[in-house]
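Breakdown of the fold
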Amino acid sequence: MRNAVEAGGGVQSVDRALSILEVLARTGEGGVTEIAAELGVHKSTAFRLVATLESHRLVEQTGDRGRYRLGVGILRLAGATTARLDLVQEARPICRQLAADTGETVNVAVLSDGSALYLDQVAGSSALQPHNWVGQHIPLHATSNGKVLLSGLDDHQLDKALGTLSNYTEHTITRRAKLREELARVREQGHALAIDELEVGLTAVAAPVRNAHGDVVASMSVSGPTFRLNADRLDHVVALTVAAAAEVSHRLGWGHR
């Protein structure tokens, strides 16, 4: 019962904190007394919530002590969202073309909370009722997109990103030393493969999408049944995927054409 009550209180605090951000967005700035009145809470509650938001730089004090406005942390969050929207916008026509050229499902993923987050998906003509992965998180070590995203990290970042290497099939890489060898191969060849590693019968190839600084900011993949993406077709699909990811990278400012 106590956990349920605490959880409810946590949700209420989040709701109130978001309301403070909405109030400041509407009014420009405000004092704790005004904010408390807007929310219908005690002044001490409003002060505690504002202090928490200030510690995350989501609000900041103005020149007048005790008055607050939206902080630079809001810009950081908005910037991250804008960058992802730009990525999807730039990648979408390339994804459509790649799906048309291969007949398979094309996905764009980014690194998020120790997993790969799918931002966009385009189904090719051969993909019958494909699963919609947009908005879903998938494991990094067992997927081609995940391997590409991991390949862009240094050793310290890699250690932070990797949790337990769960086993999905007999082909899943579950040892860190072997995964590091695989990532070195991905960096060298410029693409990643995952054949029956997440799911038996599923093959995927992915290539890195880079920003203007050359950092790996996303991964683009083609996935389909292993019987269709067999040895005879795989080299061709790899070449198409690498070229498509490079085109998106150029659109994001990487390299010179």
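Because the structure is a prediction, the values reported are computed rather than measured. (Residues numbered from 1 in each chain as written. Predicted model: local features only at pLDDT ≥ 70, side-chain atom pairs only at ≥ 80, totals over all residues. Heavy atoms only, no water.)

1. Some points on the overall build of the protein chain
Formally: For helices the rule is a DSSP run of H or I covering at least 4 residues; for strands it is a run of E covering at least 2, with both sets numbered from the N terminus onward. Burial classes: relative accessible area under 20% of the type maximum marks a residue as buried, over 50% as exposed, and values in between as partly exposed (1.4 Å probe, protein chains only). In this analysis, two residues are considered to be in contact whenever any of their non-hydrogen atoms come within 4.5 Å of each other. All accessibility values rest on the Shrake-Rupley procedure with a 1.4 Å probe; residue burial counts only the protein chains present in the view.
Within the protein chain one finds eight helices and nine strands. Within the protein chain, buried positions represent 40% of all 257 residues. Considering only residue pairs separated by 6 or more positions, the protein chain has 54% of its internal contacts joining residues 24 or more positions apart. Surface exposure of the protein chain reaches about 14,100 Å², of which carbon and sulfur atoms provide 52%.

2. What about the pairing of strand β8 (residues 202-210)?
Looking along a regular strand, one sees side chains alternate from face to face of the sheet. Counted only if it meets this: Here, a strand pair is defined by DSSP locating no fewer than two bridges between the strands.
With respect to burial, β8 is a largely interior element, seven of its nine residues being buried. In this structure, strand β7 (residues 192-195) lies alongside β8, joined through four bridges in antiparallel fashion. Bridging across to β8, A194 finds its partner in A204. In this antiparallel pair of consecutive strands, β7 and β8, the connection spans six residues, and D196 shows a positive phi of 60°. Alignment of β8 against strand β9 (residues 216-225), held across nine bridges, turns out to be antiparallel. Its bridge partner lying in β9, P208 is registered against S219.

3. Some details on the sheet that holds strand β1 (residues 30-31)
Let me state the cut-off plainly: Only C-alpha atoms enter the line fits that serve as axes; for helices the fit covers just the stretch in contact. Angles between N-to-C directions range over 0 to 180 degrees.
In spatial order, the strands read β1-β3-β2; together these three strands make up an open sheet with antiparallel pairing. Strand pairing shows two members of the sheet lacking a second neighbour, β1 and β2 (59-61), which therefore form its edges. Along the sheet, helix α3 (residues 43-55) contacts β2 and β3 (67-70); its crossing angle with β2, the most-contacted strand, is approximately 100°.

4. Regarding the sheet that holds strand β6 (residues 137-138)
The strands making up a sheet are joined through hydrogen bonds of the backbone, oriented either antiparallel or parallel. The six strands are arranged β6-β5-β4-β9-β8-β7 in an open sheet whose pairing can be described as antiparallel. Lying at the two open borders of the sheet, with one neighbouring strand each, are β6 and β7. This element, helix α8 (residues 231-251), spans β7, β8 and β9 of the sheet and lies at about 25° to β8.

5. Side note on the packing of helix α5 (residues 144-151) against helix α7 (residues 176-189)
Stated formally: Angles are sorted into four bins: roughly parallel if under 35 degrees, roughly antiparallel if over 145, roughly perpendicular if 65 to 115, and oblique for all others. Any residue that is not Ala, Val, Leu, Ile, Met, Phe, Trp, Tyr, Cys, Pro, Asp, Glu, Lys or Arg is counted as polar, Gly included; the first ten are nonpolar and the last four charged.
It is the contact of α5 with α7, at a shortest axis distance of 9 Å, that shows an interaxial angle of 80°. As the angle between them shows, α5 and α7 are arranged roughly perpendicular. Mapping the contact onto sequence places K147, V148, L150 and S151 in α5 and L179, E182, L183, V186 and R187 in α7. Among the residues forming the contact of α5 with α7, the class breakdown is five nonpolar, one polar and three charged.

6. Some details on the environment of S221
Where we set the bar: Pairs of N or O atoms within 3.5 Å make up the polar contacts considered here, provided that, within protein, one atom can donate a hydrogen while the other can accept it, and that residues adjacent in sequence are counted only when both atoms are side-chain atoms.
By secondary structure assignment, the location of S221 is in strand β9. Owing to a relative accessible area of 1%, S221 belongs among the buried residues under this scheme. Distance in space between the C-alpha atoms of S221 and N107 is 5.2 Å, their sequence separation being 114 residues. Not counting residues up to four positions away in its chain, the partners in contact with S221 are T105, V106, N107, S144, N145, V205 and A206. There is a polar contact of 2.8 Å between the side chain of S221 and the side chain of N145.

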